[in-house]
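Geometric and topological summary
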Amino acid sequence: MASLIVVCPQCLTWIEIQSDCCPECATALSVEDVDPPADLISERMGDRLRDLGAIKLLRRGWPENGQLVATTEGLLFVPHLVVRPNGALEPVADDAPLRPARVSGLFQWWSLPPWRRSVEDEQSHPSTHPPENLSLPSLLFDSPGAFFIVRTTIQRIVTRWGRVHIERQPSRSVSLTQAQGSESPREILRPLIEYDSWRSIIAGL
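Residues numbered from 1 in each chain as written. Predicted model: local features only at pLDDT ≥ 70, side-chain atom pairs only at ≥ 80, totals over all residues. Heavy atoms only, no water.

**Focus on the environment of P79**
How we decide: Here a helix means four or more residues in a row that DSSP labels H or I, a strand means two or more in a row labelled E, and each is numbered from the N terminus. Three exposure classes are used, based on accessible area relative to the maximum for each residue type with a 1.4 Å probe and protein chains only: buried under 20%, partly exposed in between, and exposed over 50%. In what follows, residue pairs with any heavy atoms lying within 4.5 Å of each other are defined as contacts.
Turning to its location among the elements, P79 is positioned in strand β5 (residues 74–79). For P79, a relative accessible area of 2% gives the class buried. When neighbours within four sequence positions are excluded, P79 is seen to be in contact with P63, N65, G66, S143, P144, G145 and A146.

**Here we look at the sheet that holds strand β8 (residues 147–150)**
Which entries qualify depends on this criterion: By definition, two strands form a pair when at least two bridges between them are found by DSSP. Axis lines are fitted to C-alpha atoms, over the contacting stretch for helices. Their N-to-C directions set the angle, which ranges from 0 to 180 degrees.
Taken in spatial order, the 7 strands make up an open sheet running β8-β5-β4-β3-β11-β10-β9, and their pairing is antiparallel. The sheet is open, and its two edges are formed by β8 and β9 (154–160), each paired on a single side. Averaged over neighbouring strand pairs, the angle between their axes works out to 30° when direction is ignored. When strand β3 (residues 48–57) meets strand β4 (residues 65–71), the two strands line up antiparallel, connected through 7 bridges. Across the sheet, D51 pairs through a bridge with V69, a residue of β4.

**Points about unusual backbone geometry**
Backbone geometry follows two general trends: most residues other than glycine have a negative phi, and most peptide bonds adopt the trans configuration. Cis geometry is adopted by the peptide bond preceding P170, which originates at Q169 and carries an omega value of 5°. Turning to its location among the elements, P170 is positioned in the loop between β10 (163–168) and β11 (174–177). Despite not being glycine, L12 shows a phi value in the positive range, around 55°. Checked against the element boundaries, L12 lands in the loop between β1 (5–7) and β2 (14–16). Note on L12: relative accessible area 0%, which makes it buried. Within the chain, W161 stands out as a residue other than glycine whose phi angle is a positive 55°. Mapped onto the elements, W161 comes out in the loop between β9 and β10.

**Re the nonpolar core**
Rules: Nine residue types can take part in a nonpolar core, namely buried Ala, Val, Leu, Ile, Met, Phe, Trp, Tyr and Cys, and a core is a set of them joined through side-chain atoms within 4.5 Å.
With 22 residues, the main nonpolar core has L52, L68, L75, I157, I166, L189 and L192 as its most contacted residues. Contact partners of L75, with chain neighbours within four places excluded, come to L52, L68, V69, A70, F147, F148, I149, I166, L189, L192 and W198. If you look at the next biggest cluster of nonpolar residues, it comprises 15 residues, including I41, L139, F148 and V150.

Below you can see the structure in the form of structure tokens.
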């Protein structure tokens, strides 16, 4: 029987349910649970501040390459995905070039009905920036492998051997490393020091 993947309503992370609980935050889950209202999820994710850049997430079994988006309430990781002819979503490989953001990016392509998707669009590289016209909950729920790091759960951010480790509770720690052609995760996170809500968290980087 295939494993069930869902978005945990507590830690807002795409997970594979194990023993009726979330492997990230240990919250009890059931396939019968109803998703929280969209307005509640939007409130928990806060307002979008800025796109920080491409990053590589060290998380086994899920897409590694993606984009990090900063909000007033946390960090949203949106994986880079391509859509295959059969409709399957496939993570972008390390050596796949990424194009600058533009109107015809992957997320807009995915929103088109099947009869308007061209083969040329399908085979193009994904946009390097999630479009601003999509809500944060849409980016989370429409991107398998996405996850949200709630700002108030972050205990500290540590740089070690070129990687950034975000230690949080009750969820597990997250490790970020440099994506091909992008800045180091430390440099990607540094602009957050401009925001009052993030300053004390980022100050040690």
